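# Working through the structure, step by step
As a plain string of letters, each chain reads:
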Amino acid sequence: MRRGRGARPDRGGGWAGREFEVTVGPVAHGGHCVARREGRVVFVRHALPGERVVVRVTEDRQPGFCRADAVEVLEAAADRVPRPCPYSGPGRCGGCDWQHVAHEGQLRLKAEVVREQLTRLAGLPAEDPVVRGLTVEALPGGPLRWRTRARFAVDRAGAPGLRRHRSHDLVLLDDCPITAEPAARAVLDRRWSGAGAVDVAVDSAGTVTTTRLDRRGRPQSTRVLRAGEDVPAEPAGRAARWAAGRDWEVEGTGFWQVHPAAADALTGTVAGYAAVRAGETVLDLYAGAGLFGGALAPAVGSAGRVVCVEADEAACAAAEANLAALPQAEVWQGEVDAEGLTGLLAELDGVPDVVVLDPPRAGAGAAVSRVLAAAGPRAVVYVACDPASLARDVAAFAEGGYRLSGLRGFDAFPMTAHVECVALLEPA
């Protein structure tokens, strides 16, 4: 039979929908554990290492592996607990990965994932003291109601919800227990006729900002709910955030650390690893609203320099406002890529003493990492939201003569598989 143009061939084992029993192996990056059946790898969600479960195959498109949900637990691990969210579980909302795991168990799983990625992708030995000593630290506030910024999808009838795992199907919600109560209520208590999604954020003062998006993801309108008053905002409102002992201004639903305690924890760690001295030059890449550069600028003093580089125009405007009282800090708008970075380094007077980078989930990439390593800063402080990307970039820095000399992990995304890390790279 001739296959239609654009159709995907079925290269799996024909296991979709099949149920069978497995003993669950180690945790893997991405919110699942690894099991094996008839010589194939089975990536199992809603399970824990060591458990004996019945799985149902949800996706089978590759010859070497398939994906499955644990639909029945025959022998449970000690860390298994009842899910606090009624919308989580097999076939339901895909927003959380570890609702069925005690919080302390989640911290251990995340540390195991980071260590595995560094040994497998960065080539570091498991006995390396930095790798072996890693723990993931809990942030204040507990594992629920921490999410201060979220995006909810909207169906054709205007009802909000979240997607199933690896699906476009929408699960309609009355609540999202990991989202801060004011933000959840602002979206889930109403209908959003004509919208494709809604971004929501609640700031340090309790102000809630919602931005309607069309079905192509383009902003339509923004409203601010402050002290019971619901008003339009142009262009996207302003939010007050508190970190590093001061206020920061950001776009209402723009990028900021989602966990309310994360910005303080990360800024303190970055400052400790950077150990900036008076008169030094700091390069802050993917600078956002200027959080790290602004926190480090006082330490370089009037004789030093902090250059913040950010691509997003709105974030640059926020950074300009946040750094206005710091004449030693400046904001450059532009993409962080190898070519632009090479030009920027040529314009700076001398080598930057410290580089701080907080790239998106894909990481800085090998090309950017090699350019930075070739520049020869005395310290590179790397803030990472994806351990695989971090590990690949650590390997690229190693090629340029840098070693991983410090690493801390933070549970900035409880109930999910995500983990925030801060790494210190120094010349070997």
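Heads up: the structure comes first, above all this text.
My aim in this report is to walk through the structure given alongside it, one point at a time. (Residues numbered from 1 in each chain as written. Predicted model: local features only at pLDDT ≥ 70, side-chain atom pairs only at ≥ 80, totals over all residues. Heavy atoms only, no water.)

## Brief notes about the pattern of salt bridges
The tally for this structure, following the rule as stated, stands at 26 salt bridges. Across the pair Glu-51 and Arg-80 runs a salt bridge whose closest N-O atoms are separated by 2.7 Å. Residue Glu-51 is found in the loop between strand E4 (40–45) and strand E5 (52–59), and its partner Arg-80 is found in the loop between strand E6 (65–75) and helix H1 (103–120); the two are separated by 29 residues along the sequence. Here Arg-80 falls in the partly exposed class, since its relative accessible area comes to 21%. Here the residues in one salt-bridge network are Arg-145, Asp-175, Glu-181, Arg-185 and Asp-189, joined through shared partners. (Salt bridge = Lys/Arg side-chain N within 4 Å of Asp/Glu carboxyl O. Helix = DSSP H or I, 4+ residues; strand = E, 2+ residues; numbered from the N terminus. Buried < 20%, exposed > 50% of the residue type's maximum accessible area, 1.4 Å probe, protein only.)

## Focus on the sheet that holds E4
Read from one edge to the other, the open sheet built from 6 strands follows the order E1-E5-E6-E4-E3-E2, with strand pairing classed as mixed. The two strands at the open ends of the sheet, each matched to only one other strand, are strand E1 (19–23) and strand E2 (27–28). (Pairing = 2+ DSSP bridges.)

## So, the pairing of E6
Bridge count between E4 and E6: 5 bridges; the pairing is parallel. For Val-41, the partnering residue across the bridge sits in E6 and is Phe-65. In this structure, E5 lies alongside E6, joined through 7 bridges in antiparallel fashion. Bridge pairing in E6 places Arg-56 opposite Asp-69. Joining the antiparallel neighbours E5 and E6 is a turn of 5 residues.

## Structural notes on helix H4 (residues 262–274)
The end-to-end C-alpha distance of H4 is 18 Å, a good match for the 18 Å that 13 residues give at a rise of 1.5 Å each. Just beyond H4, the residue with positive phi is Ala-275, at close to 45°. (Expected span 1.5 Å × (residues − 1).)

## Quick look at the sheet that holds strand E22 (residues 402–411)
The strand order across the open sheet built from 8 strands is E7-E22-E23-E21-E20-E17-E18-E19, with neighbouring strands paired in mixed fashion. Both outer strands of the open sheet, strand E7 (136–138) and strand E19 (329–333), are each paired with one neighbouring strand and no more. Within the sheet, the average angular offset between the axes of one strand and its neighbour, ignoring direction, is 20°. As paired strands, strand E21 (residues 379–384) and strand E23 (residues 420–427) are joined by 5 bridges and run antiparallel to one another. Looking at E23, one finds that Ala-384 is bridged to Cys-421. In the packing of helix H7 (residues 338–347) onto the sheet, the strands contacted are strand E17 (281–285), strand E18 (305–310) and E19, and the crossing angle to E17 comes to about 160°. (Axes fitted to C-alpha atoms, helices over the stretch in contact; angles between N-to-C directions. Contact = heavy atoms within 4.5 Å.)

## Some thoughts on the state of the cysteines
Two cysteines form a disulfide when their sulfur atoms are joined by a covalent bond. Enumeration over the complete set of coordinates arrives at 0 disulfides. Left without a disulfide partner, Cys-66 is nearest to the cysteine sulfur of Cys-33, which lies 14 Å away. Classification of Cys-66 as buried rests on a relative accessible area of 0%. With no disulfide of its own, Cys-96 lies 6.3 Å from the sulfur of Cys-176, the closest cysteine sulfur. On the basis of relative accessibility, which here comes to 12%, the residue Cys-96 falls in the buried class. (Disulfide = S-S within 2.5 Å.)

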